[in-house]
Amino acid sequence: MKKLLIGILALGFLSSCNSDNITNQQELETPSATPDVAKRGCASEEIRQEALKNNPELRQKFAALETNTEKFANDLKLGKVLADGTVEIPVVVNVLYNTTAENVSDARIAEQIAVLNADFTATNSDINNIPTEFQAVSAGDTKVKFRLANTIRKKTNTKSWKTNDAMKKASTGGLDATNPTNYLNMWVVGKMTSQGQTILGYATFPESAGLWNDGVVIAAPFFGKTGASSPFNLGRTATHEVGHYLNLRHIWGDANCGNDLVADTPTQTTANYGKPTYPLLNTCSGVQRSVMFMNYMDYVDDAAMFMFSGGQKTRMQSVVASSGARSGLRVY
Ligand code: ARG
Ligand code: ZN
Ligand code: CA
């Protein structure tokens, strides 16, 4: 157990260096028809690694989080924990709009919640696109659902936001989180950039549970479906970001042939974009595998992602379980 923990920590730090380099490279080489939207990095893991570097307390929480995840997986295996109760997560949507188009409608918010519920219960209309070889490891119903608890709106003069959490504090022009221990807070902003590139969204991981900045941020053009911006107009940026919020890593482990700490997602070389053709073969450590680019935790277009794996479900369940870092998220 101790060894494993040390291994995880070492891995985290190694991958932080790697992922920085890789992400920077990718962001520099982006000559595309729609450069802002077609290919980008997600800042969540980088921001986390920076925060971990400077904060031993946060590192301790991170380590405890992974220990608990392992314990839960073991308990499940032994039949001590039965993950048959669906956890319904109450959601507060904080809308910060400059233009009226950015003031996403109640209908569009409902649409986004419906997408989350479909994707997390495997009732999404494209679930049958899962290739035969991955059907056995599909999560099916993750037993996590979402319910809109409140919508808070505020007009702002800010047209473009950075990934510095300014949108999460009234004192910096944003909206304060509502009770982040008990509610998943989502912030919808007009536009967001990281290192000069437009990004779709970012999330905090469970070691941030209950902190003022805990939650998910999504840029309005990628929130919901109706009126959203193709090819990210099926509401799956939220699915991806809530995956992070429930402790899922990017499927490529944020490093070349990196580790996402999920056994049933095949190791893959790097992020995938657009709509890859199945099968897509990657070689890591001399082993060639067909990779699961249709996983929500890859970077493909919304229409090309439609599954979580069973191992990912276990990680998310461990976080919302009564012993988990996000056990406070309950509709009472
Ligand atoms: N955090 C990622 C980003 O900012 C989100 C990627 C979501 N992918 C998607 N197809 N919606 O790019
Ligand atoms: Zn991400
Ligand atoms: Ca894996």
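Basis of the calculations
- Once a new chain begins, its residue numbering starts again from 1 and follows that chain's sequence as written.
- Lettering of chains starts at A and numbering of ligands starts at 1, both following the order in which they are written.
- Predicted model: local features are reported for residues with pLDDT of at least 70 only, side-chain atom pairs are reported and counted for 80 or more only, and whole-chain, interface and lining totals are derived from all residues.
- As a convention, hydrogens and water are excluded, and side-chain values are obtained from all of the structure's heavy atoms.
- Only N, O and S atoms count as donors, using a 2.8 Å limit from the metal and a wider 3.2 Å limit for Na, K and Ca, and since water is excluded some coordination spheres may look unfilled.
- Relative accessibility under 20% of the residue-type maximum defines a buried residue, over 50% an exposed one, and the middle range a partly exposed one, all with a 1.4 Å probe and only protein chains included.
- For four-coordinate sites, all angles between 85 and 135 degrees define a tetrahedron; for four- and six-coordinate sites, opposite donors beyond 155 degrees with the remaining angles between 65 and 115 define square planar and octahedral shapes respectively, and all other cases count as irregular.
- Secondary structure elements are taken from DSSP: a helix is a run of H or I of four residues or more, a strand is a run of E of two residues or more, and numbering for both begins at the N terminus.
- A single heavy atom is enough: if one lies within 4 Å of a molecule or strand, its residue is considered near that molecule or strand.
- Contacts described as polar in this section are N or O atom pairs within 3.5 Å, which, within protein, must combine one atom able to donate a hydrogen with one able to accept it, while residues neighboring in sequence count only if both atoms come from side chains.
- Residue burial considers only the protein chains on display, and all accessible areas are found by Shrake-Rupley using a 1.4 Å probe.
- Here the term charged refers only to Asp, Glu, Lys and Arg, the term nonpolar to Ala, Val, Leu, Ile, Met, Phe, Trp, Tyr, Cys and Pro, and the term polar to all other amino acids, Gly among them.

Asker: What is the right way to look at the coordination of the calcium ion (ligand 3) in this model?
Answerer: Distances from the calcium ion (ligand 3) to its protein donors, namely Asp-260 (OD), Val-262 (O), Thr-265 (O) and Thr-265 (OG1), fall within the range 2.3 to 2.5 Å. All donors to the calcium ion (ligand 3) come from one chain, and their sequence spacing reads D-x1-V-x2-T. For the residue pair Asp-260 and Val-262, the accessibility class agrees, reading buried in each case.

Asker: Explain the coordination of the zinc ion (ligand 2) here, please?
Answerer: Octahedral six-donor coordination of a metal ideally yields angles of 90 or 180 degrees, compared with 109.5 degrees for tetrahedral four-donor coordination. Only Cys-42 (SG), His-240 (NE2), His-244 (NE2) and His-250 (NE2) from the protein reach the zinc ion (ligand 2) as donors, at distances of 2.0 to 2.7 Å. Every donor counted, the 4 donor atoms about the zinc ion (ligand 2) form angles of 94 to 135° at the centre, which fits irregular coordination. The sequence pattern formed by the donor residues of the zinc ion (ligand 2) is C-x197-H-x3-H-x5-H. You can see Cys-42 sitting in the loop between helix H2 (35–38) and helix H3 (44–53) and its partner His-250 sitting in the loop between helix H7 (236–245) and strand S9 (281–284), a full 208 residues away along the chain. Across this residue pair, the class does not change: Cys-42 and His-250 are buried.

Asker: Looking at this structure, I do not really get the site of ligand 1. What am I missing?
Answerer: Taken together, 15 residues lie near ligand 1, and Cys-42, Thr-237, Glu-241, Val-300 and Asp-302 sit nearest. In the model, an oxygen atom of ligand 1 is placed 3.3 Å from a nitrogen or oxygen of the Leu-200 main chain. One of the backbone N or O atoms of Val-300 is found 2.6 Å from a nitrogen atom in ligand 1. If ligand 1 stood free it would expose 350 Å²; the protein chains cover 99% of that surface. When residues of the shell around ligand 1 are assigned to their parent elements, the largest contribution, 4 residues, is made by H7. Its residues assigned to classes, the shell around ligand 1 shows 7 nonpolar, 3 polar and 5 charged.

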